[in-house]
Amino acid sequence: MDLVQLEIFKAVAEQGSISAAAQLIHRVPSNLTTRIKQLEQDLGVELFIREKSRLRLSPAGWSFLDYARRILDLVAEARLTVSGEEPQGPFALGSLESTAAVRIPAVLAAYNQQYAKVELDLSTGPSGTMIEGVLSGRLVAAFVDGPILHPTLEGVPVFDEEMVIIAPLQHAPITRGADVNGESIYAFRANCSYRHHFESWFSHDAAVPGKIFEMESYHGMLACVSAGAGLAMMPRSMLESMPGCSTVSVWPMSPDFRYLQTWLIWRRGTVSQNLSVFVQLLEDQVQANRSPAE
């Protein structure tokens, strides 16, 4: 097994066909076919399920793809480290929508200014999707609701978020889940940790939400709540950044549910040069934003 075989396997796995992978890495298809067969013979397993002109990864192939990506990433990191060059190349970063909108624009701008050779690719989504992206190797790192207790992940806490309930302006005071038992709520998809937090707030008080409307953005939630159609939960920092925040009433959550911590996570043992300098910039910004009393 060699690095060329790993690169070919990764290309074929991600493209789904020999011809598409050959175009991507500028090799003839017959060469790719031969190297893949040699790799399978070397490992003693079939990495692909062959279906006419397409290839699907076998269960063993999915497992091996994870290792191949990690090996190739480590080799790229080692080359950059010994070459003494500045950070460069692709850097796929994931983030919660609220974190991307409110917390990290300044650090992303500073990073782009200082390391122009890095190709930063930011995607947003709920914590579950971001964690899956890091585990699969699609994302180098991601901002998620933490802490994360996973054996293959590590990270650092970076932001404390105050969570609030928003309701129509004339809504009665909200101090606990029982006050809004059975009321409709707006939330992200089921794999969102904030949604789980909101539902736990209800259940902790032996209450349940009514109908749960799944939304794609905080702006959509704010518009629906402002129209008098239900409740939503979001970080106070996100709410205060949006036009129209004064069109709803805002209620702090009970002490056990009021604060959540945002973490930056990555795969254990895979800190690249791109990620290392990003973490340093992020920590510098967090420190600068803390008041002297903290």
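Residues numbered from 1 in each chain as written. Predicted model: local features only at pLDDT ≥ 70, side-chain atom pairs only at ≥ 80, totals over all residues. Heavy atoms only, no water.

- For the protein, an unreviewed UniProt entry supplies the name LysR family transcriptional regulator and the organism Pseudomonas vanderleydeniana.
- Here is the UniProt Sequence similarities (unreviewed entry) comment for the protein, exactly as written: "Belongs to the LysR transcriptional regulatory family." (UniProt positions renumbered as here; feature names shortened; annotations may be inferred.)

1. Details of unusual backbone geometry
- In the segment running from Gly 146 into Pro 147, the intervening peptide bond is cis, with an omega of 0°.
- The residue His 26 is not glycine, and still its phi comes out positive at about 60°.
- If you trace the backbone, His 26 turns up in the loop between helix H2 (18–25) and helix H3 (29–43).
- Taking relative accessible area as the criterion, His 26 reaches 72% and is therefore assigned exposed. (Helix = DSSP H or I, 4+ residues; strand = E, 2+ residues; numbered from the N terminus. Buried < 20%, exposed > 50% of the residue type's maximum accessible area, 1.4 Å probe, protein only.)

2. What to know about H3
- The end-to-end C-alpha distance of H3 is 21 Å, a good match for the 21 Å that 15 residues give at a rise of 1.5 Å each.
- Regarding H3, the residues found buried are Leu 32, Arg 35, Ile 36, Leu 39 and Glu 40. Axial view of H3: buried residues confined to an arc of 140°, hence all on one face. Of the residues in H3, the exposed ones pointing more than 90 degrees away from the buried face are Ser 30 and Gln 41.
- Following H3 by one or two positions, Gly 44 has its phi on the positive side, about 80°. (Expected span 1.5 Å × (residues − 1). Arc of directions from axis to C-beta.)

3. Description of the environment of Asp 256
- Note that Asp 256 resides in the loop between strand E10 (248–252) and strand E11 (259–267).
- Asp 256 sits in the exposed class, given a relative accessible area of 65%.
- Once the C-alpha coordinates of Asp 256 and Trp 201 are considered, the two residues, 55 residues apart in sequence, prove to be 8.8 Å apart.

4. Notes on the nonpolar core
- Residues Ile 166, Tyr 194, Phe 198, Trp 201, Tyr 218, Met 221 and Leu 239 are the most contacted members of the largest nonpolar core, which totals 33 residues.
- Of all the secondary-structure elements, those providing two or more residues to this core are strand E6 (153–168), strand E7 (185–187), helix H8 (193–204), helix H9 (218–226), strand E9 (231–235) and helix H10 (236–241).
- Per-element tally for this core: the top contributor is E6, with five residues.
- With residues up to four places along the chain from it excluded, the contact list for Ile 166 reads Leu 222, Val 225, Gly 230, Leu 231, Ala 232, Met 234, Leu 239, Val 248, Ser 249 and Val 250.
- Of all hydrophobic cores here, the second largest spans 23 residues; its members include Val 107, Phe 143, Val 279 and Leu 282. (Core = buried A, V, L, I, M, F, W, Y, C linked by side-chain atoms within 4.5 Å. Contact = heavy atoms within 4.5 Å.)

5. So, the side chain of Ser 237
- One can find Ser 237 in helix H10.
- Owing to a relative accessible area of 18%, Ser 237 belongs among the buried residues under this scheme.
- In this structure the side chain of Ser 237 is engaged in a polar contact, spanning 2.9 Å, whose partner is the side chain of Glu 161.
- If sequence neighbours within four positions are ignored, Ser 237 has contacts with Val 102, Arg 103 and Glu 161. (Polar contact = N/O pair within 3.5 Å; in protein donor to acceptor, adjacent residues only side chain to side chain.)

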